[in-house]
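# Chains, contacts and geometry: an overview
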Amino acid sequence: MNRRLFLSATALCSTGVATLSACSRPQSNQTTPAAHSTFPAVQWKMATSWPKKLDILFGGAERLAQRVKSMTQGRFVITPYPAGEIASGLEVLDVVANGTVECGHTASYYYVDKNPALAFGTNVPFGLSAHQQNAWLYYGGGLEAMQQLYKPLGIINFPAGNTGAQMGGWFRKRINQPADLSALKMRIPGLGGEVMKRLGVDVQMLADDEIAPALLANKIDAAEWNNPYDDDKSE
């Protein structure tokens, strides 16, 4: 399943995030370090859907914050918080929308209950490759389309990471035929979860820090997550 190619990292921000994009725009006059010191100091909190131990996912949020700080010579500081400190990994959109934090780093397929089309901000079963997803977002009108979906929620989103194709899942027993999926309890969100439901899977929605405990306690039989490296770190 080629699902979460893209936003294991949508930056979900209040409308003030326009300041973020403005940081990278060329200025008509060269800005000197002295001029930077006159800019107001801005500090934002960023809720994320990722445990701190995940180098690729939480590390991506940290790299974004570091780049913003560097571009503004320390005037704009974003502090990422791991899942569970401000909100659970599945509630990042909500705490951004209600103003608890200024921005978030998450995956849009966690929120298909609000609008099924949000799944296309990550990827869908048998969908685009990582490069194709970025081409659609940046050159095919994809980002504009996604921002229209988020607008009624009081959110503006920007791409902020691309993890490539997920592995399809880790299973406690070998799956040899479609019938083996019947009643299988599996952690898998988004449209991929809808596909698995039609194959008879009992689909579960769990944040990352809940996956390994659920497997160990035999509460689920299988799980998909992200990539082999961070999957191993999640244990």
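Residues numbered from 1 in each chain as written. Predicted model: local features only at pLDDT ≥ 70, side-chain atom pairs only at ≥ 80, totals over all residues. Heavy atoms only, no water.

### A word on the side chain of Asp180
Along the chain, Asp180 falls in the loop between strand E6 (170-171) and strand E7 (185-187). One buried charge, Asp180, has no salt-bridge partner; the nearest side chain with opposite charge is Lys173, at 5.7 Å. At a separation of 2.8 Å, a polar atom in the side chain of Asp180 contacts the main-chain amide nitrogen of Asn176. Other than its neighbours up to four places away in sequence, Asp180 contacts Lys173, Arg174 and Ile175. (Helix = DSSP H or I, 4+ residues; strand = E, 2+ residues; numbered from the N terminus. Buried < 20%, exposed > 50% of the residue type's maximum accessible area, 1.4 Å probe, protein only. Lys, Arg positive; Asp, Glu negative; His and termini not counted. Salt bridge = Lys/Arg side-chain N within 4 Å of Asp/Glu carboxyl O. Polar contact = N/O pair within 3.5 Å; in protein donor to acceptor, adjacent residues only side chain to side chain. Contact = heavy atoms within 4.5 Å.)

### Some points on the nonpolar core
One finds Trp50, Tyr110, Tyr111, Tyr150, Ile211, Ile220 and Trp225 to be the most contacted residues of the largest nonpolar core, which totals 28 residues. Residue assignment for this core shows that the elements contributing at least two residues are helix H3 (57-71), helix H4 (92-97), helix H6 (142-150) and helix H8 (208-216). It is H4 that contributes the most residues to this core, four residues altogether. Ignoring anything within four residues of it in the chain, the contact list for Ile220 reads Arg172, Lys185, Arg187, Gln204, Leu206, Ile211, Ala214 and Leu215. (Core = buried A, V, L, I, M, F, W, Y, C linked by side-chain atoms within 4.5 Å.)

### A word on helix H7 (residues 190-198)
Those residues of H7 not exposed but buried are Gly190, Gly192, Gly193 and Met196. Along the axis of H7, the buried positions cluster into a sector of 100°, meaning they face one direction only. Residues of H7 that are buried make contact with E7 and strand E8 (202-204). One or two residues past the end of H7 sits Gly200, with phi positive at roughly 95°. (Arc of directions from axis to C-beta.)

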